[in-house]
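Working through the structure, step by step
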Amino acid sequence: MRPVPAPVRRSPLHTALALATAGVVALALLSPQLRTFTTRLWGPERAWAHRDFLGAWWLFRSATDVDGALARLSWPDGAGPLATNIPNPFDALLLGPLLRTAPFPLWWNLLQLGHHLGNVLAATWLARCLGARASSAAVAGALVAASPLMLHEVAGGRTLSGAVWPGLVALGLLARGQAVPAGLFIGLQGLFYLYTGMLVGLVALVLRPSWGLLAAALPIAPYLWWLSPAWSPSHARPPDAGFSRLPLAGLLGLGAVHERFLVHPLLLLGLPGALRSSGRWRLAVAILLATLVALGPALTWADRQPILPLPLAWAAAVWEPLGRLHHPIRAGLLAVPLLAVGLTRLLDRLPGAPTLLLLVLPWVHAVRMAAPAVALPEPAGLAAARWLSEHGEGAVVDLTGQHGDALALQPLHGRPILEGLRRASPGGVLPSDRLREGVDPWARGEQVAAWVIPELVAAGFTHVLAVPRAGTLSTAGLEADLGQPVAPQVYALPSTPAGTTLPSPRRRW
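Numbering of residues starts from 1 in each chain and follows the order in which that chain's sequence is written. Given that the model is predicted, a residue must reach a pLDDT of at least 70 before its local features are reported, and side-chain atom pairs must reach 80 or more before they are shown or counted; all residues, however, enter totals for whole chains, interfaces and linings. Computation of side-chain values covers all heavy atoms of the structure but excludes hydrogens and water.

Looking at the overall build of the protein
Regarding its fold elements, the protein presents 24 helices and seven strands. Here the protein holds 509 residues, and the buried ones make up 54% of them. Counted over contacts in the protein with a minimum sequence separation of 6, partners at least 24 positions apart contribute 78%. About 21,400 Å² of surface is accessible on the protein, with carbon and sulfur atoms providing 65% of the total. Strands here are runs of E lasting at least two residues and helices are runs of H or I lasting at least four, both read from the DSSP assignment and numbered beginning at the N terminus. Buried means the residue's accessible area, taken with a 1.4 Å probe over protein chains only, is under 20% of the maximum for its type, while exposed means over 50%, and partly exposed covers the values in between. Residue contacts follow a heavy-atom distance rule, with two residues in contact if any of their heavy atoms lie within 4.5 Å. Areas reported as accessible are Shrake-Rupley estimates using a 1.4 Å probe. Residue values count occlusion only from the protein chains shown.

Side note on the pairing of strand S5 (residues 395-398)
Here S5 shows no split at all, with Ala-395 and Val-397 on one side and Val-396 and Asp-398 on the other all buried. DSSP calls a pair of strands paired once it identifies at least 2 bridges connecting them. Pairing of S5 with strand S6 (residues 461-465), which is carried by four bridges, proceeds in the parallel orientation. The residue of S6 that forms the bridge with Val-396 is His-463.

A word on the side chain of Arg-345
You can see Arg-345 is positioned in helix H17 (residues 332-347). Asp-348 is the oppositely charged side chain nearest to the buried, salt-bridge-free Arg-345, at an N-O distance of 4.9 Å. Nitrogen and oxygen atoms within 3.5 Å of one another constitute a polar contact, given that in protein one can donate a hydrogen and the other can accept it, and given that sequence-neighbouring residues count only through two side-chain atoms. Side-chain polar atoms of Arg-345 contact the backbone oxygen of Leu-130, separated by 2.9 Å. All tallies of charge rest on Lys and Arg as positive and Asp and Glu as negative; His and the ends of each chain are not included. A side-chain nitrogen of Lys or Arg and a carboxyl oxygen of Asp or Glu constitute a salt bridge if their distance falls within 4 Å.

Topic: the pairing of S6
Taken across its five residues, S6 has four buried, putting it largely inside the fold. Across three bridges, the pairing between S6 and strand S7 (residues 490-492) is antiparallel. Each residue of the ladder has a partner; that of Leu-465, found in S7, is Val-490.

Concerning a nonpolar patch on the surface
Each patch is built from residues lacking any salt bridge and having more than 30% relative accessible area; the joining distance is 9 Å for like charges and 5 Å for nonpolar side chains (Val, Leu, Ile, Met, Phe, Trp, Tyr). On the surface, Leu-252, Leu-254, Leu-268, Trp-301, Ile-307 and Leu-308 cluster together into a nonpolar patch covering about 490 Å² of accessible area. Checked against the element boundaries, Leu-268 lands in the loop between helix H13 (248-251) and helix H14 (270-274).

Remarks on the packing of helix H10 (residues 179-192) against helix H11 (residues 194-207)
Where H10 meets H11, the closest approach of the two axes is 5 Å, and the angle between their N-to-C directions is 150°. Comparing their axes, H11 and H10 come out roughly antiparallel. The interaxial crossing formed by H10 with H11 has right-handed handedness. Counting all contacts with H10, which are made through Ile-186, Gln-189, Gly-190 and Phe-192, the residues of H11 involved are Leu-194, Thr-196, Gly-197, Val-200, Gly-201 and Ala-204. Residue polarity follows a fixed list, in which Ala, Val, Leu, Ile, Met, Phe, Trp, Tyr, Cys and Pro are nonpolar, Asp, Glu, Lys and Arg are charged, and the others, Gly among them, are polar. Looking at side-chain class alone, the contact of H10 with H11 contains five nonpolar, five polar and no charged residues. Angles here are taken between N-to-C directions and fall from 0 to 180 degrees, while the axes themselves are lines fitted to C-alpha atoms, restricted in helices to the stretch in contact. To sort the angles, those under 35 degrees are grouped as roughly parallel, those over 145 as roughly antiparallel, those from 65 to 115 as roughly perpendicular, and the leftovers as oblique. Crossing handedness is read from the near helix: turned anticlockwise from the far helix by less than a right angle, it gives a left-handed crossing, and turned clockwise, a right-handed one.

Some details on the pattern of salt bridges
One pass over the structure, following the stated rule, counts nine salt bridges. Between Asp-65 and Arg-72 there is a salt bridge; the shortest N-O distance is 3.8 Å. The exposure class assigned to Asp-65 is partly exposed, which follows from its relative accessible area of 37%. Across the pair Arg-469 and Asp-398 runs a salt bridge whose closest N-O atoms are separated by 2.8 Å. Taken together, the positions of Arg-469 in the loop between S6 and helix H24 (476-482) and Asp-398 in strand S5 put the pair 71 residues apart, joining distant regions of the chain. By relative accessible area, which is 5% here, Asp-398 ends up buried. Look at the salt bridges and you will find they share partners, linking Asp-52, Glu-153, Arg-158 and Arg-330 into a network.

Describing the nonpolar core
Of all hydrophobic cores here, the largest spans 89 residues; its most connected members are Leu-171, Leu-267, Leu-334 and Leu-338. Per-element accounting of this core gives the leading share, 10 residues, to H17. Once you skip the residues sitting within four places of it in the chain, Leu-171 turns out to touch Leu-126, Val-200, Val-203, Ala-204, Leu-207, Leu-334 and Leu-338. We define the nonpolar core as a collection of buried residues of types Ala, Val, Leu, Ile, Met, Phe, Trp, Tyr and Cys that are connected through side-chain atoms lying within 4.5 Å of one another. Residues Trp-58, Ala-375, Leu-388 and Leu-421 belong to the second largest nonpolar core, which totals 38 residues.

A closer look at the environment of Arg-276
Along the chain, the position of Arg-276 falls in the loop between H14 and helix H15 (281-295). Taking the C-alpha atoms as reference points, Arg-276 and Leu-346, separated by 70 residues in sequence, lie 7.8 Å from one another. Ignoring any residue separated from it by four or fewer positions in sequence, one finds Arg-276 in contact with Leu-346 and Arg-349.

Looking at the sheet that holds S7
Judged by pairing direction, the sheet is mixed, and its three strands sit side by side in the order S5-S6-S7 without closing on themselves. Each having just a single partner strand, S5 and S7 make up the two edges of the open sheet. Averaged over all neighbouring strand pairs, the angle between strand axes comes to 30°, with direction disregarded. Sheet strands in contact with helix H20 (residues 382-389) are S5, S6 and S7, and its direction is about 165° off that of S6.

Observations regarding the side chain of Ser-244
In this fold, Ser-244 is placed in the loop between helix H12 (217-227) and H13. Residue classification places Ser-244 among the buried residues on the basis of a relative accessible area of 16%. Once residues lying within four places of it in the same chain are set aside, the contact partners of Ser-244 are His-326, His-327, Pro-328 and Ile-329.

Remarks on helix H6 (residues 106-129)
Since there are 3.6 residues in each turn of an α-helix, residues three or four apart along the chain are aligned in direction. By definition here, a helix of n residues has an expected span of 1.5 Å times n minus one. The end-to-end C-alpha distance of H6 is 34 Å, a good match for the 34 Å that 24 residues give at a rise of 1.5 Å each. Counting buried positions along H6 gives 20 out of 24 residues, so the element sits mostly inside the fold. Immediately downstream of H6, the backbone of Gly-131 shows phi near 100°, a positive value.

A few points about empty space enclosed by the protein
With a 1 Å grid spanning the protein atoms alone, the term cavity applies to any set of points in which a 1.4 Å probe fits but cannot get out, the term pocket to an open set with protein on both sides within 12 Å along at least five of seven lines, and the term lining residue to any residue with an atom within 4 Å of a point. Grid points are joined across faces, edges and corners, and a volume is the space filled by probe spheres set on the points. Applying the stated rule across the entire model yields two cavities of 30 Å³ or more. Every residue lining the largest cavity is listed: Val-397, Asp-398, Leu-399, Gly-401, Gln-402, Leu-418, Glu-419, Arg-436 and Val-439. Secondary-structure elements contributing two or more residues to the lining of the largest cavity are S5 and helix H22 (431-443). Partitioning the lining of the largest cavity into residue classes produces four nonpolar, two polar and three charged. Here the second largest cavity defines a volume of roughly 30 Å³. Forming the walls of the second largest cavity are Leu-149, Leu-246, Leu-251, Val-263, Thr-291, Ala-335, Val-336 and Leu-339. Counting residues per element, the lining of the second largest cavity draws most heavily on H17, at three residues.

What about unusual backbone geometry?
Omega for the bond connecting Trp-75 with Pro-76 falls within 30 degrees of zero, at 10°, which places this linkage in the cis form. Residue position: Pro-76 is located in the loop between helix H4 (66-71) and helix H5 (90-99). A cis amide bond links Phe-104 with the next residue in sequence, Pro-105, at an omega value of 15°. Inspection of the secondary structure puts Pro-105 in the loop between H5 and H6. Despite not being glycine, Ser-74 has its phi angle at roughly 50°, a positive value. For Ser-74, a relative accessible area of 7% corresponds to the buried category. Phi angles above zero are rare outside glycine, and Gln-489 is one such case at about 70°. As for its position among the elements, Gln-489 is in the loop between H24 and S7. Residue Gln-489 is classed as partly exposed on the basis of its relative accessible area of 30%.

Structure (structure tokens):
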């Protein structure tokens, strides 16, 4: 099989102009969000009730003492190893200590914007590396920026799983004949999100097989060793929401789905364009591979109802780890740039001026292809968390944080909490599971069983937080058991018996 030939070297100045053009379009499309960049949180609408965002926020705020922070979750048991809870924590571990004093939400917004711009610019650069004219590469980058699917992970409050720029850089280096650096960047992509790294590796093998790609093992092998506890059967469970996949209506650019599932329809010309490239079938196969993974285990139109099974389902039946790919839509973050590269094959056949005129298309389509929502920059119960941080060190029951919301306040008050990174499993046998079930009546406005308060006190709990986070909250049962709050939204448990100290967490690792 004949490998893709190295493209003709392009002018660095023209490449810089293409990158600048695509970057300006990307920023212009986000102008409504940029106006509130320092005051509003860029992410999911209800960020402080969104588990992915809450987990990332908690980790960034707790990065200076991760082991201690994990021990203070799911009290008194501890939360377990980080790898089984957050498998790609590297940005938080590196940047978290530096951002503790930085203004929020500005640092979060800049982080998300940086990844998004990185994806757009890397797609533009990849097009140039594969021989596209500067004007065509600029249009490709602009259409990537105008595809709300590229904002899917940002809108979901996630960080590294939405960044594919290392993989795109790897493919660009490979096109330039630099296989070893390309392999290292593929390994870096695997650190960002393991499945995307695997997919980029497969695409690289399709485009230009090389032994140098084995350099990906240098960063990925230690990571796989660290991640090995998370692959045990006890952690192999799908999320409550099931699969998130790319619906066919979104791929066709139709408005029947949520905006952030949409791909710019002009990019569909990328597949026939790829067939006209010098590599012909290679680029087309790479596009089909990424797109089929993004479509998930079953084809859907605009809802979750499957129409017919797809190859991913068959592959998962053969290789069990693929069954844990709960969000195949993330492969769309690679499919969209590859489609854009394929489109440049057609654009290069047009004169330069008409090609640049296509830059107006993102503006026409951006009216309904909206960017992620902006949310409140502060969690509910902030004043109560500050009060707790100044009054003692005992553990806290965050009554309305039983689905992860407590993670919003835990880094602020620093106390151990009953809630954790994972939902409580029904019928759990650990002390924290039993206590969670015991305090449930308080959340319903009822009194708890007689054993609950003594066991809470014996486990070192001193306060209960009752923060109205969604709808109304009845505190009738809580006040019947504990009396009036000692501070707004804060209730005190009876004093710990004399001579009792806060117990050490029972770490399970």
